[in-house]
Amino acid sequence: SVHKINKAANIVHKKGDMSSCSNLVTLVITTQKRKMGHPGAVWDSKISTERVKDLNGIDQIVLRNSQGASAKVSLLGGQVISWRNDRGEELLFASHKANGKAPKAIRGGIPICFPQFGSCGSLEQHSFARNKIWSVDDNPPSLPAKDSSGKSFVDLLLKPSEEDLKCWPHSFELRLRVCLGADGNLTLISRVRNINAKPFSFSFAYHSYLSVSDISEVRVEGLETMDYLDNLCQKEQFTEQGDAITFEAEIERVYIGSPSCVAVLDHERKRTFVLRKEGLPDVVVWNPWEKKSKSMADLGDDEYRQMVCVDGAVVEKPVTLKPGEEWKGRLEIIVVPS
């Protein structure tokens, strides 16, 4: 099975061959079910969540599954700050310089960038949702069974404060469900609803910091031949020429109209992250490299080697919602041996 997974992962990048990605995901699920043993085990999501506080007194929700995997979500930013597999291995990167004090987002995990990603508008870098204290939503709207059945999950809610409305004068509800599957997969589902009297537009990203052995050993597959905007070249548009994205210098690109499935291969750790997305047409790939890392106060000088950001996003063409309309974006991250 591992050989088949490797083969599928290695051909995901062929343009138009999304069947390869589908096959990879099918193989992943089959392999995980075999690992889990009895498929009929019942897992009570109510006893699989715990509310704790971090060193700064900010609430966190810890999700666990029956296999020993876990995820931790901070109410500061609605941010997943940890995701561990059933062997206790951390799958997300977090800087040792991150202190998690509001209103500063943690450098690492999966920050929620809303209503602006990067510096593509008039707001601060990545905007305000990642710096706000969210609330636990005890009465969320229903979601499909696949997004709750057999999973540990928490629903969070963010509404604009008076301060937010001064810099971005639009009333909204941003809901986030974070799910930890029985198979250890991590799923994030966001809903943005316009409760304003007029339309508004926004960009969005799950700014996912993946933990890797060494950035020089990493390949991103599935984006070959895709057009991208290069933020290091004033957002000039280029076409990806390589058979995979590899890293030898700083990179900050927005791949537009990208496939629904992307693979991140870490050769030294012999594992592959598979990202599946819905409602998120773009993929952002970022690593700050050595020079920029040294200028970032909340990132260690050499920590760029242990991380890569591969984000499901809406950047190039912002979402516009009319009054009462709702947008949904979904990202699932699967980890398999490779």
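Up top you'll find the structure we're talking about.
Along each chain, the written sequence defines residue order, and numbers are assigned to residues from 1. Reporting in this predicted model follows two pLDDT cut-offs: at least 70 for local features of residues, and 80 or more for side-chain atom pairs to be given and counted; totals over whole chains, interfaces and linings ignore these cut-offs and use all residues. With hydrogens and water set aside, each side-chain value is computed from the structure's full complement of heavy atoms.

Q: Looking at this structure, I do not really get unusual backbone geometry. What am I missing?
A: Note: most residues except glycine have negative phi, and most peptide bonds are trans. The amide bond that connects Phe114 to the next residue, Pro115, takes the cis arrangement and shows omega of 0°. Elements are defined by DSSP. Helices are runs of H or I of four residues or more, strands are runs of E of two residues or more, and each kind is numbered from the N terminus. Within the element layout of this structure, Pro115 appears in the loop between β5 (112-113) and β6 (135-136). For Lys235, which is not glycine, the phi dihedral falls at a positive 60°. Even without glycine at this site, Trp289 takes up a positive phi of about 60°. On the secondary structure map, Trp289 appears in helix α4 (residues 289-294).

Q: Got a minute to help me understand the sheet that holds strand β1 (residues 49-53) in this structure?
A: In any sheet, the strands associate via hydrogen bonds between backbone groups, in a parallel or an antiparallel arrangement. The pairing criterion for strands is at least two bridges between them, as found by DSSP. A sheet is described by the order of its strands in space; here four strands give the open sequence β1-β2-β3-β4, paired in antiparallel fashion. Strands with a single pairing partner mark the edges of an open sheet, and in this sheet they are β1 and β4 (79-84). Adjacent strand axes in the sheet meet at a mean angle of 20° when their direction is disregarded. Where β1 meets strand β2 (residues 59-64), five bridges bridge the pair, whose relative direction is antiparallel. Residue pairing in the sheet places Thr49 in a bridge with Leu63 of β2. To obtain each axis, a line is fitted to C-alpha atoms, and for helices this fit is confined to the stretch in contact; angles are then taken between N-to-C directions over 0 to 180 degrees.

Q: Looking at this structure, I do not really get the sheet that holds β6. What am I missing?
A: Across the sheet, which stays open at both edges, the eight strands sit in the order β6-β7-β8-β9-β20-β17-β16-β12 with antiparallel pairing between neighbours. Bordering the open sheet on either side are β6 and β12 (218-221), each of which pairs with just one other strand. With four bridges connecting them, β12 and strand β16 (residues 261-266) associate as antiparallel partners. When the sheet's bridge partners are listed, Val218 is paired in β16 with Asp266.

Nothing here speaks to function; it is all geometry.
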